[in-house]
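# Geometric and topological summary
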Amino acid sequence: MTCFLSHRGESDDAPENTLAAFRLAMQRDSDGIELDIRLTSDECVVCVHDETLKRVAGIPLPIGESTLADLRKHHPLPLLAEALDLLKPGKHMQIELKGNDKNLLPALKTVLEQWKGNKAQLALSSFEKETIQSAGVFFPELPRLLLTDLKTEFGSFPSAAQVSESMKSLNCTGVSFKADRSASREFVNQLHANGLRVVCWGVSSDELGIAMAELGVDAMTSNHAVALRRIWREKQS
């Protein structure tokens, strides 16, 4: 059954990567939350997508060169620990590792060790091959997904065997690929047969999201995941 994860929280209706967006996802009974993390200059693990606050707050303040206190003067930047505390039992959280800060993984490990929740609810993802490979050293027990646009990565839409070999070389347990109608149910089934978790991102329309769900992907991220899940369930009934 496909899980519909609220991308940066229910970000169509609340500011992305904020506690408001994460709370809304849980209030709406979303299957889970996808969020992004970076490290501040004082080594706080915070939820934010970009390298600066320019897009979300209009201030070009660099995340990695600023303290949490300074950043919070301009934007309600949540700690990952605060987001984890909102995660209800049985719900999923996909944590995207942003940037190349070598201190992010050790800091994340500390946060997760202090969290009292069920680690089985968590998964890690990254567009950075080196980062997701290193995550396997720090978090061998967690699912680890490479985020990728398969056509860009391989030059054309690849076979499941090509993807599986690539994920194996990175010690990944799954792949999160940009939603693409070139994918087929057979492609997804073969990835599953090779022991990989299959997730989609970049669901640019509800129609594309439904098409991906029909292929049997394990999960997808959407800015309005709960509404998209309702459409999917109505289609199946």
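We now turn to the structure provided with this report.

Calculation notes
Residues numbered from 1 in each chain as written. Predicted model: local features only at pLDDT ≥ 70, side-chain atom pairs only at ≥ 80, totals over all residues. Heavy atoms only, no water. Helix = DSSP H or I, 4+ residues; strand = E, 2+ residues; numbered from the N terminus. Rg over C-alpha atoms; globule rule 2.2 N^0.38 Å. Buried < 20%, exposed > 50% of the residue type's maximum accessible area, 1.4 Å probe, protein only. Lys, Arg positive; Asp, Glu negative; His and termini not counted. Charge placed at Lys NZ, Arg CZ, Asp CG, Glu CD. Expected span 1.5 Å × (residues − 1). Arc of directions from axis to C-beta. Contact = heavy atoms within 4.5 Å. Salt bridge = Lys/Arg side-chain N within 4 Å of Asp/Glu carboxyl O. Core = buried A, V, L, I, M, F, W, Y, C linked by side-chain atoms within 4.5 Å. 1 Å grid on protein atoms, 1.4 Å probe; cavity = no way out; pocket = protein on both sides within 12 Å on 5 of 7 lines; lining within 4 Å. Points joined across faces, edges and corners; volume = space filled by probe spheres on them. Nonpolar A, V, L, I, M, F, W, Y, C, P; charged D, E, K, R; others polar. Polar contact = N/O pair within 3.5 Å; in protein donor to acceptor, adjacent residues only side chain to side chain. Axes fitted to C-alpha atoms, helices over the stretch in contact; angles between N-to-C directions. Left-handed = near helix turned anticlockwise from the far one by under 90°.

Here the focus is the overall build of the protein. Secondary structure assignment for the protein yields 11 helices and 11 strands. Over its C-alpha trace the protein gives a radius of gyration of 17 Å, about what one expects of a compact globule, namely 18 Å for 237 residues. Projecting the C-alpha coordinates of the protein onto the three principal axes gives extents of approximately 50 × 40 × 35 Å. When each of the 237 residues of the protein is scored for burial, the buried share is 51%. Treating the 27 positive side-chain charges of the protein as one cloud and the 32 negative ones as another, the clouds have centres 3 Å apart.

Side chains of residues three or four places apart in an α-helix project in the same direction, reflecting 3.6 residues per turn. Taking 1.5 Å per residue, 12 residues should reach 16 Å; helix α11 (residues 225–236) reaches 17 Å between its end C-alpha atoms and fits that length. Among the residues of α11, those classed as buried are A225, V226, L228, R229 and W232. With its buried residues spanning 160° around the axis, α11 presents them on a single face. Relative to its buried face, α11 has exposed residues pointing more than 90 degrees away, namely E234 and K235. At its buried positions, α11 is contacted by β1 (3–7), α10 (206–214) and β11 (219–222).

Once that is clear, we can look at α10. Within α10, burial applies to L208, G209, I210, A211, M212 and A213. The inward-facing, buried residues of α10 contact β1, β9 (174–178), β10 (197–201), β11 and α11. At the exit of α10 stands G216, carrying a positive phi of roughly 90°.

A word on the pattern of salt bridges. By the definition in use, this model includes 15 salt bridges. In this structure, R8 and D36 form a salt bridge, with 3.6 Å as the shortest nitrogen-oxygen distance. Taken as a pair, R8 in the loop between β1 and α1 (19–27) and D36 in strand β2 (residues 32–39) lie far apart in primary sequence, 28 residues in all. On the basis of relative accessibility, which here comes to 14%, the residue R8 falls in the buried class. Looking at D36, the relative accessible area reads 0%, which means it is buried.

This next bit is on the nonpolar core. Core analysis: the largest hydrophobic core is formed by 60 residues, its most contacted members being L35, I37, L80, M93, F187, M212 and M220. By residue number, the principal contributor to this core is helix α5 (residues 104–114), which donates 6 residues. Among all residues touching L80, those that are not within four sequence positions of it are L35, I37, V45, V46, C47, M93, I95, L108 and V111. Counting 8 residues, the second-largest nonpolar core is a separate cluster that includes C44, V48, L71 and L77.

What follows is about empty space enclosed by the protein. Tallied over the full model, the rule gives 1 cavity of 30 Å³ or more. For the largest cavity, the calculated volume is near 40 Å³. Along its surface, the largest cavity is lined by E16, N17, C47, V48, H49, D50, R55, V56 and H75. By residue class, the composition of the lining of the largest cavity is 3 nonpolar, 3 polar and 3 charged.

The next thing to look at is the side chain of D31. By the element assignment, D31 lies in the loop between α1 and β2. Within the structure, the side chain of D31 is placed 2.8 Å from the side chain of R229, a separation counted as a polar contact. Beyond its immediate stretch of four places on either side in the chain, D31 contacts T2, C3, F4, L5, K91, H92, R229 and R233.

Now for the packing of helix α8 (residues 160–169) against helix α9 (residues 185–193). For any two helices packed against each other, the geometry is given by the interaxial angle and the distance between the axes. Put simply, α8 and α9 touch, their axes get as near as 9 Å, and they point 35° apart. Our pair here, α8 against α9, has a crossing hand that is right-handed. Note on element contacts: α9 touches α8 through F187, Q190 and L191, opposite A160, V163 and S164. Here the contact of α8 with α9 is composed, by residue class, of 4 nonpolar, 2 polar and no charged.

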